[in-house]
Amino acid sequence: MFANNLTEVVTGYTLNEKKKKKPSLWGGLMPKEFYKEMWRQIKEEKKTLQIEVLNKRKNGEKYWAELRISPIFDTNGEVKFYVGTEKIKS
């Protein structure tokens with residue numbers, strides 16, 4: 001996993017702490033069905049997804065963010081990795 005230094009400023013999590021987390025959203029504040037459908041679209045439909053989510057910083061502060069998650073494919077067209085960007089909503 002790679003994350004730029006700004007994610008530490010936004011989320012409060014260090015890069016080492018982020019590496020210990022599953023490749024998921026920081027807060028886990030959305031309903032389970034939301035995440036299930038989100039990952040279905042990315043993994044099974046192999047589509048880039050752009051959505052808004054409620055996230056949580058390490059200190060417990062909540063914030064809304066716009067996420068863009070794209071699958072990265074191997075030579076056989078199977079999803080190998082994901083690239084995600086997060087834009088904080090004001």
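Above this text you will find the structure in question.
Quantities reported herein were computed from a predicted structural model and do not represent experimental measurements.

Rules and cut-offs
Residues numbered from 1 in each chain as written. Predicted model: local features only at pLDDT ≥ 70, side-chain atom pairs only at ≥ 80, totals over all residues. Heavy atoms only, no water. Helix = DSSP H or I, 4+ residues; strand = E, 2+ residues; numbered from the N terminus. Buried < 20%, exposed > 50% of the residue type's maximum accessible area, 1.4 Å probe, protein only. Contact = heavy atoms within 4.5 Å. Areas by Shrake-Rupley, 256 points an atom, 1.4 Å probe, with all protein chains shown as cover. Phe/Tyr/Trp six-rings, centres within 6.5 Å; stacked < 30°, edge-to-face > 60°. Lys NZ or Arg CZ within 6 Å of the ring centre and 35° of its normal.

Trainee: Lay out the overall build of the chain in plain terms, naming residues and giving numbers.
Mentor: Within the chain one finds 3 helices and 3 strands. Across the chain, helices and strands are ordered from the amino to the carboxyl terminus as α-α-α-β-β-β. Of all 90 residues assigned to the chain, the portion counted as buried reaches 29%. A separation threshold of at least 6 residues defines the contact pool for the chain, and within that pool the share at least 24 residues apart is 34%. Only carbon and sulfur atoms are counted for the fraction: they give 52% of the accessible area of the chain, which is about 6,500 Å².

Trainee: How would you summarise the packing of aromatic side chains if you had to cite specific residues and measurements?
Mentor: Taken as a whole and assessed by the stated rule, the structure comprises 2 aromatic pairs. Look at phenylalanine 34 and tyrosine 35: their rings are 5.4 Å apart centre to centre, the planes differ by 90 degrees, and that puts the pair in the edge-to-face class. The exposure class of tyrosine 35 is buried, given its relative accessible area of 15%. Seen from their ring centres, tryptophan 39 and tyrosine 82 are 5.1 Å apart, and the 75 degrees between their planes marks the pair as edge-to-face. With tryptophan 39 in helix H3 (residues 32-43) and tyrosine 82 in strand E3 (residues 79-88), this pair connects stretches of sequence that are 43 residues apart. The ring of tyrosine 63 carries the charged tip of arginine 57 above its face, separated from the ring centre by 4.2 Å.

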